[in-house]
Amino acid sequence: MAESNTDTKSSNQMWGGRFASGPDAIMEEINASIGFDKKLFAQDIRGSIAHATMLAHQGIISAEDKDKIVHGLNTILSEIESGNFEFSRRLEDIHMNIEARLATLIGPAAGRLHTARSRNDQVALDFRLWVKEELEKTERMLTGLIAAFLDRAEEHAESVMPGFTHLQTAQPVTFGHHCMAYVEMFGRDRSRVRHAIEHLDESPIGAAALAGTGYPIDRHMTAQALGFREPTRNSIDTVSDRDFAIEFLSIAAITGMHLSRLAEEIVIWSTPQFGFVRLSDAFSTGSSIMPQKKNPDAAELVRAKTGRINGSLVALLTIMKGLPLAYSKDMQEDKEQVFDAAESLELAIAAMTGMVRDMTVNTQRMKAAAGSGYSTATDLADWLVREAGLPFRDAHHVTGRAVALAESKGCDLAELPLADLQAIHSAITDKVYNVLTVEASVASRKSFGGTAPSEVRKQIAFWRARN
Ligand code: ARG
């Protein structure tokens, strides 16, 4: 899509009636949005077709003019899609580029299209349509990511790994359970996406500049034609509001934060020191100097994209925070933030879905790590409470002594001889060894939402039915 800047000093053909001369080159440069809002061409044309159709239906323009307009707009659509449209910076934005081309194609009838609307409601419409489609795409992509996790969780419902707090070994969990934690997070992100779609599902067109219009338009008709639930209810709010874009960016930031935590775990897990997962060749890179290396670049970039998305959210919040109602040109700066964040988010979800699907899980390494670091100490304390009737605080203390002893001997809890354990507390019997293995530990945690394989399978079934 080419862009031309044929600078003559004549005034703008769309709004230049009261201007004697054209803008300064710098004015033109700061004012133009065509460089980025040409992305909205399809939404702009859809909106204009719906608007023209409604104008004719209401008898505001003739059916003949409407047909010319619709035909012309469809021609422009194929011109842009096939790369045969020349965008001009002098015409500022996508709306005026299309309208000017329409005038060239169909003559004076083109001038009737902008009846009973303004670029203020037009841009609000185009951008809402774009964000709505992007949210729908995000919803589908999150569904794919959740499906990838469900498959891995099912496969590893029994595979034990260390669970961490403070990144210190805490208690054994299953890898399936850990995967399901991400299913919960991305499931919440997806429901935020659905709510956002509901919030923005109102049609702005017909709010006109800010006050509505005196023409007998039918906003319900355009709302329906454009797939919105209903028209917006306040024309001032309609042209002032960019909440829908900010909501998209907040969701992108929260989802990005979740993706970034996962990315960080993958970076840690794929180190030779951890060795819990091995990334596929398709999702890793080599080093140009160190032949042994396999780097988790995709995960690192997902982590970084999140920073970029956060930046977009803060930028748009800051752009909007001091604006009086209704429209101000500041709002033109909304689009690049959203476009950039959308691109980052899509890439990040796609890369993560690929990594999760492709990575090899080293269950042996996970199991060995799960058993180290005295991860079943809580199980010993719980056993003392259950079988020997100790108050939990005392059991905690006794277990602490057992851990200290094992540490001094350089062995695991399960490797301490019974005599040593009984020297710490006489009520301990050899039955205690049944709870000191990692498998017994995870199998015992059957509380709702717990790590026991039986529980994890229940949660997988819950999500399968909803995905
Ligand atoms: N390019 C403008 C934007 O993106 C369109 C709306 C212009 N409205 C106006 N009153 N100048 O915000």
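Residues numbered from 1 in each chain as written. Predicted model: local features only at pLDDT ≥ 70, side-chain atom pairs only at ≥ 80, totals over all residues. Heavy atoms only, no water.

1. What to know about the UniProt feature "domain: Argininosuccinate lyase C-terminal" (unreviewed entry) in the protein chain
On the UniProt side, "domain: Argininosuccinate lyase C-terminal" (unreviewed entry) is annotated at positions that read residues 374-443 here. The span residues 374-443 shows a helical share of 67% and a strand share of 0%, and its end C-alpha atoms are spaced 17 Å apart. (UniProt positions renumbered as here; feature names shortened; annotations may be inferred. Helix = DSSP H or I, 4+ residues; strand = E, 2+ residues; numbered from the N terminus.)

2. Some points on helix H15 (residues 392-409)
The terminal C-alpha atoms of H15, which comprises 18 residues, lie 25 Å apart, in line with the 26 Å expected from a rise of 1.5 Å per residue. Contacts from the buried residues of H15 go to helix H14 (377-388) and helix H16 (418-424). Backbone geometry just downstream of H15 places Gly 410 in the positive-phi region, at approximately 70°. (Expected span 1.5 Å × (residues − 1). Contact = heavy atoms within 4.5 Å.)

3. Some details on the packing of helix H6 (residues 119-155) against helix H19 (residues 453-464)
Where H6 contacts H19, the axes come no closer than 10 Å and their chain directions differ by 155°. One element, H6, and the other, H19, form an angle in the roughly antiparallel class. Two packed elements cross with a definite hand, and for H6 against H19 that hand is left-handed. Between H6 and H19, the contacting residues are Leu 150, Asp 151, Ala 153 and Glu 154 on the first element and Ile 460, Trp 463 and Arg 464 on the second. Counted by class, the contact of H6 with H19 contains four nonpolar, no polar and three charged residues. (Axes fitted to C-alpha atoms, helices over the stretch in contact; angles between N-to-C directions. Parallel < 35°, antiparallel > 145°, perpendicular 65-115°, else oblique. Left-handed = near helix turned anticlockwise from the far one by under 90°. Nonpolar A, V, L, I, M, F, W, Y, C, P; charged D, E, K, R; others polar.)

4. Observations concerning the packing of aromatic side chains
What characterises a pair of aromatic rings is the spacing of the ring centres plus the angle enclosed by the ring planes. Within the structure shown, the criterion is met by 11 aromatic pairs. Their ring planes at 15° and their centres at 5.5 Å tell us that Phe 149 and Tyr 182 sit as a pair that is stacked. Placement of the pair is Phe 149 in helix H6 and Tyr 182 in helix H7 (residues 175-200), with a sequence separation of 33 residues. Residue classification places Phe 149 among the buried positions, given a relative accessible area of 2%. Ring centres 5.8 Å apart and planes at 70° place the aromatic pair Phe 175 and Trp 269 in the edge-to-face group. Residue Phe 175 is located in helix H7, and its partner Trp 269 is located in helix H10 (residues 243-269); the two are separated by 94 residues in the primary sequence. The two residues Phe 175 and Trp 269 agree in class, both being buried. Members of the aromatic cluster, each reached through a chain of ring pairs, are Phe 127, Trp 130, Phe 244 and Phe 339. One residue, Lys 39, lies across the ring of Phe 339, its end atom 5.3 Å from the ring centre. (Phe/Tyr/Trp six-rings, centres within 6.5 Å; stacked < 30°, edge-to-face > 60°. Buried < 20%, exposed > 50% of the residue type's maximum accessible area, 1.4 Å probe, protein only. Lys NZ or Arg CZ within 6 Å of the ring centre and 35° of its normal.)

5. Concerning the UniProt feature "domain: Fumarate lyase N-terminal" (unreviewed entry) in the protein chain
In this numbering, the UniProt entry assigns the feature "domain: Fumarate lyase N-terminal" (unreviewed entry) to residues 17-311. The straight-line gap between the two end C-alpha atoms of residues 17-311 is 40 Å; of that span, 60% is helix and 7% is strand.

6. Details of the site of the ligand
By nearness alone, every residue bordering the ligand is listed as Ser 33, Asp 37, Asp 93, His 95, Arg 119, Asn 120, Val 123, Tyr 327, Lys 329, Gln 332 and Lys 335. Side-chain polar atom of Gln 332 to a nitrogen atom of the ligand: 2.7 Å apart, as the coordinates give it. Relative to its free-state accessible area of 350 Å², the ligand is covered by the protein chains to the extent of 86%. When residues of the shell around the ligand are assigned to their parent elements, the largest contribution, three residues, is made by H6. Split into classes, the residues belonging to the shell around the ligand amount to two nonpolar, four polar and five charged. (Near = heavy atom within 4 Å. Polar contact = N/O pair within 3.5 Å; in protein donor to acceptor, adjacent residues only side chain to side chain. Areas by Shrake-Rupley, 256 points an atom, 1.4 Å probe, with all protein chains shown as cover.)

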